[in-house]
Amino acid sequence: MRKLFRFSQVGLVVLLVVFTMGSADTAVRYNDLGHKMMCVCGCGQILIECNHLGCPDSDRELAELRTALSQGKGDTEILEAFQSKYGPTVLAAPMLTKFNLAAWFVPPVVLLLGIVGTIALVRKWKLRTVPMPAASQVHGFDRIRDQIRKETEI
Amino acid sequence: MPAFGSFALLLALALSGYNLFAGAIALRQLATGARGHVSPERLAETARRAGIGSFFAVTCAAFALVWAAFTNDFSVSYILHHSNRALPGPYKFAALWSGQEGSLLLWAWLLAAYGFVLRIRHKVDVKLTAYASTILAGIQIFFLLLVNFAAPPFALVAGTVPQDGFGLNPLLQYPEMVIHPPMLYLGYVGFSVPFAFALGALMMRYPGEKWIHITRRWTMVTWLFLTCGIFLGAHWAYSVLGWGGYWGWDPVENASLMPWLTGTAFLHSVMMQEKRGMMKSWNMWLIFSTFALSILGTLLTRSGLVSSVHAFAESPIGTWFWAFLVIVLAVCLFTFILQRDHLKSEHKLESLVSRESSFLFNNLVLLAACFTVLWGTLFPVISEYVQGNKVTVGAPFYNRVAIPIGLFLLLLTGIGPILAWRSTSFKSIRKNFILPVVSFLVTAVVLIACGVRPWQGQGALYSLMAWSLGAMVVTAVGSEFLRGAGVISRHTGQNLFASIVQLTRRNTRRYGGYIVHFGVVVIFIGLAGSAFNQSQEQELSFKQSMRMGPYRLECQSYSQDTNANYDTEFALLDVYRGDKKITQLAPEKRFYQASQTTSTIVANHSTLAWDLYVVYAGKDPDSGQPIIKVFLNPLVAWIWIGVIIVILGTFVALTPNMTAAFAASRSRVPVGEAPAMAMSKGGD
């Protein structure tokens, strides 16, 4: 049991490392941040994917993003600057602040509660189940049982 | 013709009204034993005929609208705004569902068509069908009220009638748009039928699970239509929108996904009710929710409640839909509370490690996925209400929250089929799970060795997981086929392929389901490729070339053309792989005169490994040179192949089983031997 606990701890650490690691390369950051913002022209597209002919906003936004990256600003700082300039809808997903936390945490919490609830429910049902009689020692019992299962499809 | 259409819609409303009230009175009389001037049987029969009549009336209205489009009758406001003289024939037909009024008429017509089939086949179970028919009439009335009073498709233009119409939205002028919306609507509307049967069965305290047997095909066919509709939409977005992707988590896309998720959960959990008499209340609420989500989907698409790239989503009819949704949920809740004692389970779960619990977890994860999509779709509205400002909930949110749930679901797809009903022993787990787990690990190691580095980003991690889990599911499903086929092969001497065919024909539902699971894996394999998309944009003058992956694109010419419907600018690009020219692509940009809007026509060279996806992004205003945007999208073809496998699997599951006697006469296998082995793990 202790071994299992230790293994799960190691697993958790590995997962955290995997999730938090990322390349700091500017081109990758440009692409990454470009996917975290929306084009503000009203097309409803991700900034870096906006393909409107003569879009009045996407080129300007992308230029601002390049400038911010060249100034050595951090990801959060850039996102906050865009948010304060264009409003919260410029971010493709809400930041982890105040009420917006609910957007991120409610679905996993609901899933987790569902899993816990299901396990609890199954355990409750299992406890209520009438104990099954011991398997018969009658010759050919297994064959008969398989036949019954086949015919009743259970 | 507009007057004829309007009259047909009013007539349909009157007939549906009669269907509902006469049907309700007849069923009430049958339930209480009370007698009126007319016997309840005869009254119910008139109600049924009125329902059939309403189908013909709505058909006439739909025909009148299509006729108006084909004859360029611009006195009809709807035709004026969604068609023009130069519009090709198929798109004039598509005008029927390109706007709000027309698409609501399509809803009403498809519902009437489903109702027509149901009422024709009423002898399967006369009383239950009478209940279902009456409930369907209630739904039909709502949509007929909408098209008669809230969004009439035959409203006339005030004043002088223009000589030409404003044309169809250019994004809709693509062949798939003639198929995609009706498919999606067939899916949405189709869930009304199992809903009506479920509610009817609950109202009349229908004994046993026969209503599920009766509605099984309806549900599967509906689910298939919705699946096709969703993926046709994805393919349309990929081919037309020109951003290199197929799914943008737009609220309108989400609206179609939600009933699909609950419908999938329903298709799985009804098996528990059929086989073990369990989860009766759960199934009832699953089908109620699926129907409610279909209505909510139409509401989201049509009301403008949430911001969407779909331009047709602005209108005041949301109030009607909210009212209908509240009425539907109230009726469901009231009936459920009244009859809940009828839904007691006959069995309880006996083990956490069993087929039943895998269905339970499968349902849980599907519902969690549905809730996540709903939450993400409605969160901007909630945020505006709570914080006073809207936020955007787009792809980054879903990629982080919904994809892990999807991967968990993929895992269950592999685990579920190899668990036994009631309880799975440790020995059985060891025997059945070793190979899939080994397959998972080997695939993960091979992929890492091939350069998929999960520590280099979320996309790579998800892809690695999707492919490794995919290998696990394929191994699990494949070993199920091989084990059963092996027994048949040993006894008959048939080759393995023939044995697999025979095994599948003996239990089409079980093995059809496995084929569907296999298709889902193939889709996941394709989806996981998106983590490795590449793109670049370049100005490309005559004879200049650009590289993308193993390809070189050389500009041969760029030109303009014009026809009655649109002006077009395009580039002709020769595609080389090494020194060999493999194809020529012609991406273009169209300018539609009637609507004064532009549209992209993507050129795509698709292989099993990747798609070379080329977009004509326009001309540089200074140099006058064409700007070409090229994407290299890995594995996209597998998504469409996976969908075809899902369709095939569903068809197999819909096919009746080969009878045991027929199978025995063909194979000389002792009847039931192969299935008997399978039965030790359950029949599905």
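- By the naming in an unreviewed UniProt entry, chain B goes by Heme lyase CcmF/NrfE family subunit and is assigned to Alloacidobacterium dinghuense.
- The UniProt entry for chain B carries the following text under Subcellular location (unreviewed entry): "Cell inner membrane".
- Quoted straight from UniProt, the Sequence similarities (unreviewed entry) entry for chain B says "Belongs to the CcmF/CycK/Ccl1/NrfE/CcsA family."

- As recorded in an unreviewed UniProt entry, chain A goes by Cytochrome c-type biogenesis protein and comes from Alloacidobacterium dinghuense.
- Per UniProt, chain A carries the Function (unreviewed entry) text "Possible subunit of a heme lyase."
- In the Sequence similarities (unreviewed entry) part of its UniProt record, chain A is described as follows: "Belongs to the CcmH/CycL/Ccl2/NrfF family."

1. Quick look at the overall build of chain B
Alright, step 1. What chain B contains, in helices and strands, is 21 helices and ten strands.
Alright, step 2. The C-alpha radius of gyration computed for chain B amounts to 27 Å, which stays within 12% of the reference 26 Å derived for 684 residues, consistent with globular compactness.
Alright, step 3. In terms of principal-axis extent, the alpha carbons of chain B reach across some 85 × 70 × 60 Å.
Alright, step 4. The buried share among the 684 residues of chain B stands at 60%.

2. Comments concerning the overall build of chain A
Alright, step 1. Secondary structure summary: chain A contains six helices and zero strands in total.
Alright, step 2. A burial count over chain A gives 28% of its 154 residues as buried.
Alright, step 3. Contacts spanning at least 24 positions in sequence make up 38% of the contacts within chain A whose residues lie at least 6 apart.
Alright, step 4. For chain A, the exposed surface amounts to about 10,300 Å²; the carbon and sulfur share of it is 64%.

3. Remarks on the pattern of salt bridges
Alright, step 1. Tallied over the entire structure, the rule returns 14 salt bridges over all chains.
Alright, step 2. Here Asp 32 of chain A makes a salt bridge to Lys 36 of chain A, at a shortest N to O gap of 3.5 Å.
Alright, step 3. A relative accessible area of 34% places Asp 32 of chain A in the partly exposed class.
Alright, step 4. For Lys 36 of chain A, a relative accessible area of 29% puts it in the partly exposed group.
Alright, step 5. Its salt-bridge partner being Lys 543 of chain B, residue Glu 554 of chain B comes within 3.6 Å of it at the nearest N-O pair. Of the two residues, Glu 554 of chain B is situated in strand β3 (residues 551–562) and Lys 543 of chain B in the loop between β1 (534–539) and β2 (545–548); the sequence distance between them amounts to eleven residues.
Alright, step 6. In this structure Glu 554 of chain B comes out as buried when scored by relative accessible area, which is 13%.
Alright, step 7. Judged by its relative accessible area of 45%, Lys 543 of chain B falls in the partly exposed class.

4. Remarks on empty space enclosed by the protein
Residue and element names in this part refer to chain B.
Alright, step 1. Evaluated as defined, the whole model comprises five cavities of 30 Å³ or more.
Alright, step 2. Taken as a whole, the second largest cavity holds about 40 Å³ of empty space.
Alright, step 3. Taken together, Ser 16, Asn 19, Gly 51, Ser 54, Leu 111, Ala 112, Gly 115, Arg 119, Leu 136, Ala 137 and Gln 140 form the lining of the second largest cavity.
Alright, step 4. When residues of the lining of the second largest cavity are traced back to their parent elements, those giving at least two are α1 (2–32), α2 (40–70), α5 (100–120) and α6 (126–150).
Alright, step 5. Broken down by element, the lining of the second largest cavity gets its largest block of residues, four residues, from α5.
Alright, step 6. The class makeup of the residues in the lining of the second largest cavity is four nonpolar, six polar and one charged.

5. Some thoughts on the sheet that holds strand β9 (residues 610–619) of chain B
By way of backbone hydrogen bonds, the strands of a sheet pair with one another, either parallel or antiparallel.
Residue and element names in this part refer to chain B.
Alright, step 1. Spatially, the four strands line up as an open sheet ordered β1-β10-β9-β8, and their pairing is antiparallel. Both outer strands of the open sheet, β1 and β8 (603–606), are each paired with one neighbouring strand and no more. Strand-to-strand twist of the sheet, defined as the mean angle between neighbouring strand axes without regard to direction, takes the value 15°.
Alright, step 2. Direction of pairing for β8 relative to β9: antiparallel, over a ladder of four bridges. Bridge pairing links Ser 606 to Asp 611 in β9.

6. Some details on the confidence of the model for chain B
All names here are of chain B.
Alright, step 1. Per-chain confidence: chain B averages 85 in pLDDT, with 93% of residues scoring 70 or above.
Alright, step 2. When mean pLDDT is taken per element in chain B, helix α19 (residues 636–654) scores highest with 94 and helix α21 (residues 673–679) scores lowest with 43.
Alright, step 3. Low confidence marks residues 669–684, where pLDDT is under 50. Its contacts with residues over four positions away, or in another chain, come to 51 contacts.
Alright, step 4. Per the prediction output, this complex has pTM 0.86; the corresponding ipTM is 0.78.

7. A few points about the confidence of the model for chain A
Residues and elements named next belong to chain A.
Alright, step 1. Model confidence for chain A is summarised by a mean pLDDT of 74, while 63% of its residues fall at 70 or above.
Alright, step 2. Confidence scores differ between elements of chain A, with helix α1 (residues 2–20) showing the lowest mean pLDDT of 55 and helix α4 (residues 75–86) the highest of 88.
Alright, step 3. Segment residues 16–23: pLDDT under 50, and eight contacts once partners within four positions in sequence are set aside and those in other chains are kept.

8. Details of the domain arrangement of chain B
Interface size is often expressed as the accessible area that is lost when the parts come together.
Residues and elements named next belong to chain B.
Alright, step 1. Assigned domains within chain B: domain 1 (1–158), domain 2 (174–406), domain 3 (408–531 + 641–659) and domain 4 (534–637).
Alright, step 2. Each of domain 2 and domain 4 was reduced to a C-alpha centroid, and the two centroids are 38 Å apart.
Alright, step 3. Carbon and sulfur atoms supply 53% of the area that domain 2 and domain 4 bury against each other, a total of about 670 Å² over both sides.
Alright, step 4. For the domain 2 face of the interface with domain 4, the top three residues by lost area are Tyr 238, Gly 242 and Gly 244, together amounting to 60%.
Alright, step 5. Joining domain 2 to domain 4, the criterion identifies six residue pairs in polar contact (both at pLDDT 80 or more).
Alright, step 6. Across the side of domain 2 that touches domain 4, the residue classes break down as five nonpolar, three polar and no charged.

9. Here's the deal with the UniProt feature "transmembrane region" (unreviewed entry) in chain A
Alright, step 1. Taking the numbering used here, the UniProt-annotated feature "transmembrane region" (unreviewed entry) corresponds to residues 101–122 of chain A.
Alright, step 2. With 100% helix and 0% strand, residues 101–122 of chain A has its two end C-alpha atoms placed 32 Å apart.

10. Overview of the packing of aromatic side chains
Residues and elements named next belong to chain B.
Alright, step 1. Summed over all chains, the structure comprises 37 aromatic pairs over all chains.
Alright, step 2. Between Trp 107 and Phe 143, the aromatic rings sit 4.1 Å apart at their centres with planes inclined by 10°, giving stacked as the arrangement. In this pair, Trp 107 sits in helix α5 while Phe 143 sits in helix α6, placing the two residues 36 residues apart along the sequence. No difference in accessibility class separates Trp 107 from Phe 143, as the two residues are buried.
Alright, step 3. An angle of 85° between the planes, with centres 5.4 Å apart, marks the rings of Tyr 613 and Phe 631 as edge-to-face. Of the two residues, Tyr 613 is situated in strand β9 and Phe 631 in strand β10 (residues 626–634); the sequence distance between them amounts to 18 residues.

11. As for the packing of α5 of chain B against helix α8 (residues 192–203) of chain B
Residues and elements named next belong to chain B.
Alright, step 1. Contact geometry of α5 with α8 gives a least axis separation of 10 Å together with a crossing angle of 55°. Comparing their axes, α8 and α5 come out oblique. Counted together, Trp 107, Leu 111, Tyr 114 and Leu 118 of α5 and Ser 192, Val 193 and Phe 197 of α8 form the full contact between these two elements.
Alright, step 2. Residues that form the contact of α5 with α8 fall into these classes: six nonpolar, one polar and no charged.

12. A word on the side chain of Lys 92 of chain B
All names here are of chain B.
Alright, step 1. Note on placement: Lys 92 falls in helix α4 (residues 89–94).
Alright, step 2. Of the side chains bearing the opposite charge, Asp 164 lies closest to the buried Lys 92, which forms no salt bridge; the N-O distance is 7.5 Å.
Alright, step 3. Polar contacts involving the side chain of Lys 92 include one to the main-chain carbonyl oxygen of Arg 85, which spans 3.5 Å.
Alright, step 4. Discounting chain neighbours no more than four positions away, the residues touching Lys 92 are Ala 69, Phe 70, Asn 72, Ser 83, Asn 84, Arg 85 and Leu 87.

Thresholds applied
Residues numbered from 1 in each chain as written. Chains lettered and ligands numbered in written order. Predicted model: local features only at pLDDT ≥ 70, side-chain atom pairs only at ≥ 80, totals over all residues. Heavy atoms only, no water. UniProt positions renumbered as here; feature names shortened; annotations may be inferred. Helix = DSSP H or I, 4+ residues; strand = E, 2+ residues; numbered from the N terminus. Rg over C-alpha atoms; globule rule 2.2 N^0.38 Å. Buried < 20%, exposed > 50% of the residue type's maximum accessible area, 1.4 Å probe, protein only. Contact = heavy atoms within 4.5 Å. Areas by Shrake-Rupley, 256 points an atom, 1.4 Å probe, with all protein chains shown as cover. Salt bridge = Lys/Arg side-chain N within 4 Å of Asp/Glu carboxyl O. 1 Å grid on protein atoms, 1.4 Å probe; cavity = no way out; pocket = protein on both sides within 12 Å on 5 of 7 lines; lining within 4 Å. Points joined across faces, edges and corners; volume = space filled by probe spheres on them. Nonpolar A, V, L, I, M, F, W, Y, C, P; charged D, E, K, R; others polar. Pairing = 2+ DSSP bridges. Axes fitted to C-alpha atoms, helices over the stretch in contact; angles between N-to-C directions. pLDDT = per-residue confidence, 0-100. Domains from an automatic or database assignment. Buried area = accessible area lost by both parts, 1.4 Å probe. Polar contact = N/O pair within 3.5 Å; in protein donor to acceptor, adjacent residues only side chain to side chain. Phe/Tyr/Trp six-rings, centres within 6.5 Å; stacked < 30°, edge-to-face > 60°. Parallel < 35°, antiparallel > 145°, perpendicular 65-115°, else oblique. Lys, Arg positive; Asp, Glu negative; His and termini not counted.

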